[in-house]
Amino acid sequence: MFLSSHEKQLDVKRRLLVPSDYRGSALQSHDGVEPFEGVYCFAAINAPCLECGGAAFFATYRDVIDEYPKLSPTRTALQRRFYASMNRLAFDTAGRITLPEKLCAQFNLTGDVVLAGLGESFQIWEPRAYDAWAAEQDKLVEDAFAKREALYQ
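Residues numbered from 1 in each chain as written. Predicted model: local features only at pLDDT ≥ 70, side-chain atom pairs only at ≥ 80, totals over all residues. Heavy atoms only, no water.

Q: Give a description of the packing of helix α2 (residues 55-66) against helix α3 (residues 73-84) that names residues and reports values.
A: Where α2 contacts α3, the two axes come as close as 9 Å, and the packing angle between them is 165°. Here α2 lies roughly antiparallel to α3, going by the angle between them. For the pair α2 and α3, the sense of crossing is left-handed. Residue-level inspection shows Phe58, Tyr61, Arg62, Val64, Ile65 and Asp66 of α2 in contact with α3, the latter providing Arg75, Leu78, Gln79, Phe82 and Tyr83. Residue classes in the contact of α2 with α3 are distributed as 7 nonpolar, 1 polar and 3 charged. (Axes fitted to C-alpha atoms, helices over the stretch in contact; angles between N-to-C directions. Helix = DSSP H or I, 4+ residues; strand = E, 2+ residues; numbered from the N terminus. Parallel < 35°, antiparallel > 145°, perpendicular 65-115°, else oblique. Left-handed = near helix turned anticlockwise from the far one by under 90°. Contact = heavy atoms within 4.5 Å. Nonpolar A, V, L, I, M, F, W, Y, C, P; charged D, E, K, R; others polar.)

Given below as structure tokens:
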């Protein structure tokens, strides 16, 4: 599991040291997906950041694609969105990955970044964008707990 948040720094070559517990999580095999010494990474679906993970992360998207019939337009769109934009980022001997230049530019990833664990995946954020997104997410959590509380009163 990818847990906790970490503040890290990209170097001038766009290399990012992945925390050791994240590296260990990425190396776990899952449901027919062989792990490799690195992470799968692409632009997140519902947030302005990168999303990365290991075999379980890859299997989640593979399973969504497999729900649709072969050659269906929706399946083809999903394959393009996930497989064509997916990057396999290998760990170097120091445990770093090198982020693609295009994705760094898309999400303004330079210098300081935030890695946020989401269980089966983690996200890489520009710090100010992460703070704004986290505040929105906190509001959603508060609303969800308020609704849950109302059910049990």
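Next comes the rest of the write-up.
Q: Describe the pattern of salt bridges, with residues and values.
A: The full count for this structure, using the stated rule, is 7 salt bridges. Residues Arg62 and Asp31 are paired through a salt bridge, measuring 3.1 Å at the closest nitrogen-oxygen approach. One end of the pair, Arg62, is in helix α2; the other, Asp31, is in the loop between α1 (20-26) and β3 (38-43), with 31 residues separating them in the sequence. Given the relative accessible area of 16%, Arg62 is considered buried. The partner of Asp92 in a salt bridge is Arg96, with the nearest N and O atoms 2.7 Å apart. Residue classification places Arg96 among the partly exposed positions, given a relative accessible area of 24%. (Salt bridge = Lys/Arg side-chain N within 4 Å of Asp/Glu carboxyl O. Buried < 20%, exposed > 50% of the residue type's maximum accessible area, 1.4 Å probe, protein only.)

Q: Explain the nonpolar core to me, using residue names and the numbers behind them.
A: Among the nonpolar cores identified, the biggest contains 23 residues, and Leu99, Leu109 and Ile124 are the most heavily contacted of them. For this core, the elements supplying multiple residues, two or more each, are α1, β3, β4 (50-53), α4 (101-106), β7 (112-117) and β8 (122-125). What Leu99 contacts, discounting residues up to four positions off in sequence, is Leu10, Arg14, Leu16, Leu50, Leu89, Cys104, Leu109 and Ile124. Membership of the second largest hydrophobic core comes to 13 residues, among which are Phe36, Phe58, Tyr61 and Leu78. (Core = buried A, V, L, I, M, F, W, Y, C linked by side-chain atoms within 4.5 Å.)

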